[in-house]
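So you can see what is in the structure, the chains are spelled out below.
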Amino acid sequence: MLKDMKFRNKLAIGFSIPMGIGTLIVVLMFFIAHRVECLAEQTRDKHMVDDHRVTDMKLHVVQVQQFLTDISATRGLDELTDGFEKAKEHHDAFISKLNIYRETFTNKKDTARQTTLDNIKTAFEAYYLTGKKMAQAYVQNGPRAGNKIMLEFDTTADRLTTLLDPFAVEQNNEVWNSLNPIISQLKFAKIALVLLGFGAGLVSLFFIWLFVRTICPPLAMMTEAAKKLAKGDVDQQVTFVAKDEIGQLADSFRETINYLKEIALTAEKMSKNDLTATLQPKSERDSLGISLKKMLGNLNDVLGNVTQAVANVAAGTTQISDATEQLSQGAVEQAASLEEISSSMTEISSQTKLNAEHATQANTIAKKSRDSAEVGREQMSAACTTMGEINESS
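What you see is a predicted model, and the numbers here were worked out from it, not measured in a lab.

> Break down the packing of aromatic side chains for me, with residues and values.
Under the definition given, this model contains six aromatic pairs. Measuring from centroid to centroid gives 6.3 Å for Phe105 and Phe167, while their planes differ by 90°, and the two rings are edge-to-face. Linking Phe105 in helix α3 (residues 83-107) with Phe167 in helix α5 (residues 143-230), this pair joins segments that are 62 residues apart in sequence. Taking relative accessible area as the criterion, Phe105 reaches 1% and is therefore assigned buried. The buried category is assigned to Phe167, whose relative accessible area is 2%. Considering the side-chain rings of Tyr127 and Phe153, the 4.9 Å spacing of their centres and the 20° angle between planes classify their relative orientation as stacked.

> Residues and numbers for the side chain of Thr156, please.
In this structure, Thr156 sits in helix α5. A distance of 2.7 Å separates the side chain of Thr156 from the backbone oxygen of Phe153, its partner in a polar contact. Look past the residues within four positions of Thr156 in its chain and what remains in contact with it is Ala126, Tyr127 and Thr130.

> Help me get a handle on unusual backbone geometry, residues and values and all.
Trans is the prevailing form of peptide bonds, just as negative phi is the prevailing case for residues other than glycine. Positive phi outside glycine occurs at Lys109, with the angle close to 55°. Among the structural elements, Lys109 can be located in the loop between α3 and α4 (111-141). Exposure remark for Lys109: the relative accessible area of 71% places this residue in the exposed category.

> Please provide a residue-by-residue account of the packing of helix α2 (residues 53-74) against α3, values included.
Between α2 and α3, the least distance of the axes is 8 Å, while the angle of their chain directions is 160°. Between α2 and α3, the angle is such that the two are roughly antiparallel. The interaxial crossing formed by α2 with α3 has left-handed handedness. In this structure, α2 contributes Arg53, Val54, Asp56, Met57, His60, Val61, Gln63, Val64, Phe67, Leu68 and Ile71 to the contact, and α3 contributes Gly83, Phe84, Lys86, Ala87, His90, His91, Ala93, Phe94, Lys97, Leu98, Ile100 and Tyr101. Partitioning the contact of α2 with α3 into residue classes produces 14 nonpolar, five polar and four charged.

> Tell me what's going on with the pattern of salt bridges, and back it up with residues and numbers.
All told, the structure shown has six salt bridges when counted by the stated rule. Put simply, Asp92 and Lys88 hold a salt bridge, and the shortest N to O gap is 2.8 Å. Of this pair, Asp92 and Lys88 both sit in helix α3, four residues apart, which is roughly one turn of that helix. Its relative accessible area of 38% is what places Asp92 among the partly exposed residues. Overall, Lys88 belongs to the partly exposed group, its relative accessible area being 37%. Here Asp118 makes a salt bridge to Arg102, at a shortest N to O gap of 2.5 Å. Of the two residues, Asp118 is situated in helix α4 and Arg102 in helix α3; the sequence distance between them amounts to 16 residues. Residue classification places Asp118 among the partly exposed positions, given a relative accessible area of 34%.

> Explain the environment of Asp233 to me, using residue names and the numbers behind them.
Here Asp233 is to be found in the loop between α5 and α6 (245-271). A relative accessible area of 35% places Asp233 in the partly exposed class. A polar contact is formed between the side chain of Asp233 and the backbone nitrogen of Asp235, at a distance of 3.2 Å.

> A description of the packing of α3 against α4 should follow, citing residues and the corresponding values.
The contact between α3 and α4 brings their axes to 10 Å, and the two run at 175°. Judged on the interaxial angle alone, α4 and α3 are roughly antiparallel. Of the residues in α4, those in contact with Phe84, Ala87, Lys88, His91, Phe94, Ile95, Leu98, Tyr101, Arg102, Phe105 and Thr106 of α3 are Arg113, Gln114, Leu117, Asp118, Ile120, Lys121, Phe124, Glu125, Tyr128, Lys132, Ala135 and Gln136. When the residues that make up the contact of α3 with α4 are grouped by side-chain class, the tally is twelve nonpolar, four polar and seven charged.

> I'd love a proper account of α4, names of residues and values included.
The periodicity of an α-helix, 3.6 residues per turn, causes residues three or four places apart in sequence to face the same way. An ideal rise of 1.5 Å per residue puts 45 Å on 31 residues; α4 measures up with 44 Å between its terminal C-alpha atoms. Once α4 finishes, Gly142 follows within two positions and takes phi at roughly 90°, a positive value.

> Please set out the nonpolar core residue by residue, giving values where relevant.
Membership of the largest hydrophobic core comes to 30 residues, with the highest contact counts inside it found for Phe94, Phe124 and Tyr127. Counting residues per element, the ones that place at least two in this core are α2, α3, α4 and α5. Apart from residues no more than four positions distant in its own chain, Phe94 is found in contact with Met57, His60, Val61, Ile120, Phe124 and Leu164. Counting eleven residues, the second-largest nonpolar core is a separate cluster that includes Ile215, Ile246, Phe253 and Ile257.

> An account of the side chain of His90 is needed here, citing residue identities and associated values.
Inspection of the secondary structure puts His90 in helix α3. A relative accessible area of 18% places His90 in the buried class. Setting aside residues up to four positions removed in sequence, His90 forms contacts with His60, Gln63, Val64 and Phe67.

> Go over a nonpolar patch on the surface with me, naming the residues and quoting the values.
Together, Val203, Phe206, Phe207, Trp209 and Leu210 line one region of the surface with nonpolar side chains, adding up to about 470 Å² of accessible area. Its place among the elements puts Trp209 in helix α5. What makes Trp209 partly exposed here is its relative accessible area of 47%.

> Tell me what's going on with α3, and back it up with residues and numbers.
Taking 1.5 Å of rise per residue, 25 residues should cover 36 Å, and α3 covers 36 Å from first to last C-alpha, within 8% of that figure. Among the residues of α3, those classed as buried are Gly83, Ala87, His90, His91, Ala93, Phe94, Ile95, Lys97, Leu98, Tyr101 and Phe105. Phi for Lys109, located one or two positions after α3, is positive at around 55°.

Rules used in this analysis
Here the residue index of a chain counts from 1 through its sequence in written order. Side-chain atom pairs in this predicted model are given and counted only at pLDDT of 80 or more, local residue features only at pLDDT of at least 70, and totals for whole chains, interfaces and linings cover all residues. As a rule here, side-chain values cover all heavy atoms of the structure and leave hydrogens and water aside. Here a pair means two rings of Phe, Tyr or Trp (six-membered ring of Trp) with centres within 6.5 Å. Their orientation is stacked below 30 degrees between planes, edge-to-face above 60, and tilted elsewhere. By definition, any uninterrupted DSSP run of H or I lasting at least four residues is a helix, any uninterrupted run of E lasting at least two residues is a strand, and each is numbered from the N terminus. A simple rule labels every residue: compare its accessible area, found with a 1.4 Å probe on the protein chains alone, to the largest value its type can have, and call it buried under 20%, exposed over 50%, or partly exposed in between. Within 3.5 Å is the distance limit for a polar contact, defined as a pair of N or O atoms, with the added protein rule that one can donate a hydrogen and the other accept it, and that residues adjacent in sequence qualify only through two side-chain atoms. When checking whether two residues touch, look at their non-hydrogen atoms; a contact exists if any pair is within 4.5 Å. Between the N-to-C directions of two axes lies an angle of 0 to 180 degrees, each axis being a line fitted to C-alpha atoms and, for a helix, fitted only over the stretch in contact. Angles below 35 degrees are treated as roughly parallel, those above 145 as roughly antiparallel, those between 65 and 115 as roughly perpendicular, and all remaining angles as oblique. A crossing counts as left-handed when the near helix is turned anticlockwise from the far one by less than a right angle, and as right-handed when that turn is clockwise. Polarity classes work like this: nonpolar for Ala, Val, Leu, Ile, Met, Phe, Trp, Tyr, Cys and Pro, charged for Asp, Glu, Lys and Arg, and polar for all others, with Gly in that last group. What makes a salt bridge here is a side-chain nitrogen of Lys or Arg within 4 Å of a carboxyl oxygen of Asp or Glu, nothing more. Every helix has an expected span of 1.5 Å times one less than the residues it contains. Residues grouped as a nonpolar core are buried Ala, Val, Leu, Ile, Met, Phe, Trp, Tyr and Cys residues, joined through side-chain atoms within 4.5 Å. Distance thresholds for patches are 9 Å for like charges and 5 Å for nonpolar side chains (Val, Leu, Ile, Met, Phe, Trp, Tyr), applied to residues having over 30% relative accessible area and no salt bridge. Values of accessible area rely on a 1.4 Å probe in the Shrake-Rupley scheme; residue burial ignores everything except the protein chains shown.

Spelled out as structure tokens, the structure:
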């Protein structure tokens with residue numbers, strides 16, 4: 001099926017397959033980038049939801065204040081004395097999360113943030129101890145004693161908030177700042193992949209068009225010329241010129257056409273009895289040129305032999321003409337002699353006729369003489385017999 005397709009279709013398929021593969025790769029990369037972007041966003045959101053260490057630390061601060069103020073307000077009445085224990089739990093949870101950050105910054109050798117954590121811890125410990133002291137004052141000595149310490153507690157709370165809030169904002173921003181560039185780059189990569197795929201498609205289509213425009217027209221031209229050459233029409237022209245393989249093919253095609261024209265011209269001259277044409281074979285393997293050259297040589301040899309034979313025949317004809325002329329003159333003389341002979345023969349015929357008459361007469365006379373002689377012989381025989389008898393008698 002593929003071998004029966006036109007060259008331009010094969011070329012289009014040849015470019016379309018890698019272009020399709022490249023497009024598929026771009027699409028896959030796009031979806032991968034999109035998937036990574038989604039995972040990054042999910043990770044960011046999950047990190048913002050799940051990793052609440054700073055937020056939890058702030059909550060622990062609030063809970064410490066809540067439980068200590070609650071016990072301060074109730075003064076431990078009605079068996080509401082677990083506030084100190086709850087406050088201690090949140091205190092320990094705060095210090096635990098703070099130590100996690102400390103370990104991270106220690107591994108990163110971030111001394112500035114380690115110092116910040118030390119300041120926060122100091123402020124928190126002061127906040128916790130002051131709040132605990134205030135609550136104990138409320139429980140043991142009443143509101144007046146507790147109110148005296150409340151201002152100090154508020155001061156430590158403000159100091160802790162001043163240190164903790166910027167740290168919390170910084171940590172939240174760090175999460176965003178660490179993931180947002182990745183997400184931004186992934187979004188940019190998606191856009192770049194789309195543009196790259198679109199651009200690659202356009203460039204591929206352009207090169208397909210360029211190659212088809214560059215290769216197919218000259219091939220079509222040579223194909224059409226080849227079809228006409230196959231039908232014996234050697235009056236063809238291939239005008240395509242280039243330095244690539246197609247150009248070399250066109251040059252070879254032009255040489256072939258010129259060679260066929262030369263052979264056709266030689267054959268035309270031969271058909272008009274013009275054997276003066278010359279043909280030089282292109283190579284030792286040029287069987288057509290070699291055969292046609294041999295044919296020309298053989299025909300020239302035959303023509304030379306025929307010319308010599310004609311010359312010989314012409315010379316013989318001249319001799320025959322001379323002999324014929326002599327024969328003609330002799331025939332005239334013979335005709336005259338025959339005329340004389342005819343007259344003589346007429347005379348001879350008359351004389352012969354006369355002689356025949358004389359011979360007839362002589363024959364008649366001779367017959368008569370023979371009869372007379374026979375009669376005389378018989379008479380002599382009778383005389384002899386008589387004489388014999390006479391002799392016997394005597």
